[in-house]
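# Fold and geometry: a report
The chain contents come next:
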Amino acid sequence: MAAPGHVLVVGGGAAGTATAILLARAGVTVDLVEAGTEIGRSGSGITLQGNALRVFRDLGVLDDVLAAGYAFDVLGLRTPDGTVIAEFPDAKTGGDDLPATVGMPRGEMARLLAERAAAVGAKVRTATRLESVTPDGHVTLSDGTTQAYDLVVGADGVNSGVRVQLGIDTRPEPLGMGIWRVFTSRPASITRTDLTYGGAAYIAGYCPTGDDSIYAYLVEDATDRTGLAPDEQLATMRELAGHYGGPWTEIRDRMTDASRVNYTWFTHHLVDGPWHRGRVVLAGDAAHSCPPTLAQGAAMALEDATVLVEELLAHDDLEAALAAYTTRRRERAGTVVANSVQLAHWLLAHEPPPQAGGTADVPGLMARTSALLAQRP
Ligand SMILES: Cc1cc2nc3c(=O)[nH]c(=O)nc-3n(C[C@H](O)[C@H](O)[C@H](O)COP(=O)(O)OP(=O)(O)OC[C@H]3O[C@@H](n4cnc5c(N)ncnc54)[C@H](O)[C@@H]3O)c2cc1C
């Protein structure tokens, strides 16, 4: 194997923790640094599809994920007044022996992955920021440490500083949409994701994340919400939620804690050339990001980790391993980014479906994407 003896992983999200688990399990000495004071502080929920669950199984955390989350196999479509207009089996992209989808609290996912990384021997340090890195693997950390690593994995998220320091000028671009999200208690009637396309928002949806919790979201035109105080944010999301019926009536009643509401814009990007320079390589959102219209960002980050470590273990030469990693990942991740963006563009343009003379073949796009994701990366 090319296998670097000593690796620094920058970032304790899905990409970083998964990479750390796989490398440490293969006998590599791994340091993981996370700038945040705690891994798993994030308060919202996340939708994880079969291809993400397949990686969790490989990482040895599937049982914990299933115990902490909420699994379901059917997706519903509703009109804004809450009427169910379609129910269909969600694609099982991880295989028939895995649920189609699991919702779980984001913080819980991050905590399980970080604990697993530590259990298999990675040295995980929080409140430690990468300050600088050079392509030959020399780093400076916020605790004053300077060190040379055989490999540095920049899994530092959508606004990656590693990406900038490598001189890669790709940046996330806003798509014109913003999303309100709330994390709250679960009404008994919510046992799966139901989506509503249209009404006062582009998308209204929710996902159960455990016996006692859900997250719900409303997608609107990107708006500058930075001036809103937390109570005003809560009131704004409640007002928008009031345009939807069915389970949304109960969700709205439970939206009382302003600290559980957040707002962010959709962005997207894909690093087009190689994802590495010398001894430094990007993974996850650092390399590509998509709007969550297909809920695939974390799954792509997890798949990156799998392929990166497979290639590192398969080659004697680091450059060849990293080049093979980009080659295997860029097309698949790029297709997911493109399809996620396409869905957002159709919504923004109010593009009609083919049967009404338009081009917005949403079921077709979803089916093609699922067929791709069902194949191992
Ligand atoms: C609104 C929204 C909803 C989404 N919903 C879903 C969904 O339902 N399903 C799904 O699969 N995906 C979803 N995604 C995408 C998903 O959140 C991301 O794709 C995924 O979290 C990427 O993981 P990552 O490990 O690459 O990055 P991150 O999770 O962002 O982790 C990066 C980590 O690096 C740390 N870091 C940054 N800089 C430094 C530094 N210099 N030194 C040390 N540490 C550093 C950060 O603190 C952070 O913890 C959504 C995204 C958005 C914006």
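Residues numbered from 1 in each chain as written. Predicted model: local features only at pLDDT ≥ 70, side-chain atom pairs only at ≥ 80, totals over all residues. Heavy atoms only, no water.

### Quick word on the pattern of salt bridges
Per the stated rule, a full pass over the model turns up 16 salt bridges. When the shortest N-O distance is used, the salt bridge between Arg328 and Glu310 registers 2.9 Å. Of the two residues, Arg328 sits in helix H9 (residues 318-348) while Glu310 sits in helix H8 (residues 297-314), which places them 18 residues apart along the sequence. Look at Arg328 and you get partly exposed, because its relative accessible area is 31%. The structure contains a network of salt bridges with shared partners spanning Arg78, Glu87, Arg192 and Asp194. (Salt bridge = Lys/Arg side-chain N within 4 Å of Asp/Glu carboxyl O. Helix = DSSP H or I, 4+ residues; strand = E, 2+ residues; numbered from the N terminus. Buried < 20%, exposed > 50% of the residue type's maximum accessible area, 1.4 Å probe, protein only.)

### Points about the domain arrangement of the protein
Examined at the domain level, the protein breaks down into domain 1 (6-69 + 105-172 + 268-374) and domain 2 (176-266). Between the C-alpha centres of domain 1 and domain 2 the distance comes to 26 Å. Taken together, the contact pairs 17 residues of domain 1 with 16 residues of domain 2. For the pair domain 1 and domain 2, the summed buried area comes to about 1300 Å², and 66% of that belongs to carbon and sulfur atoms. The largest share of the area that domain 1 buries against domain 2 comes from Ser44, Leu347 and Leu348, three residues that together contribute 34% of it. Where domain 1 packs against domain 2, one counts 0 salt bridges. Taken together, the connections running from domain 1 to domain 2 amount to 1 residue pair in polar contact (both at pLDDT 80 or more). Among the secondary structure elements, those contributing two or more residues to the side of domain 1 that touches domain 2 are strand E3 (45-49) and H9. Its residues assigned to classes, the side of domain 1 that touches domain 2 comprises 9 nonpolar, 7 polar and 1 charged. (Domains from an automatic or database assignment. Contact = heavy atoms within 4.5 Å. Buried area = accessible area lost by both parts, 1.4 Å probe. Polar contact = N/O pair within 3.5 Å; in protein donor to acceptor, adjacent residues only side chain to side chain. Nonpolar A, V, L, I, M, F, W, Y, C, P; charged D, E, K, R; others polar.)

### Comments concerning the pairing of E3
Looking along a regular strand, one sees side chains alternate from face to face of the sheet. In terms of burial, E3 is largely enclosed, as 5 of its 5 residues are buried. Burial of E3 is two-sided: the residues Gly45, Thr47 and Gln49 facing one way and the residues Ile46 and Leu48 facing the other way are all buried. As defined by bridge partners, E3 adjoins strand E7 (residues 101-105) across 5 bridges and the pair is classed as antiparallel. For Gly45, the partnering residue across the bridge sits in E7 and is Pro105. (Pairing = 2+ DSSP bridges.)

### Thoughts on the sheet that holds strand E5 (residues 74-78)
Ordered in space as E6-E5-E14-E15-E16-E13-E17-E20, the 8 strands form an open sheet in which the pairing is mixed. With partners counted over all chains shown, the strands left at the sheet margins are strand E6 (84-89) and strand E20 (288-289), one partner each. Sheet topology places strand E14 (residues 193-197) next to strand E15 (residues 203-210); 4 bridges connect them, and they run antiparallel. The residue of E15 that forms the bridge with Leu195 is Gly205. Relative to strand E13 (residues 173-185), H9 is tilted by about 85 degrees, and along the sheet it contacts E13, E14, E15, strand E16 (213-221), strand E17 (261-270) and E20. (Axes fitted to C-alpha atoms, helices over the stretch in contact; angles between N-to-C directions.)

### Some points on the packing of H9 against helix H10 (residues 362-374)
The N-to-C vectors of H9 and H10 enclose an angle of 165 degrees; their axes lie 11 Å apart at closest approach. The pairing of H9 with H10 is recorded here as roughly antiparallel in orientation. With respect to the hand of their crossing, H9 and H10 are arranged in left-handed fashion. Side by side, H9 and H10 meet where Arg332, Thr335, Val336, Asn339, Gln342, Leu343 and Trp346 of the first sit next to Val362, Leu365, Met366, Thr369, Leu372 and Leu373 of the second. (Parallel < 35°, antiparallel > 145°, perpendicular 65-115°, else oblique. Left-handed = near helix turned anticlockwise from the far one by under 90°.)

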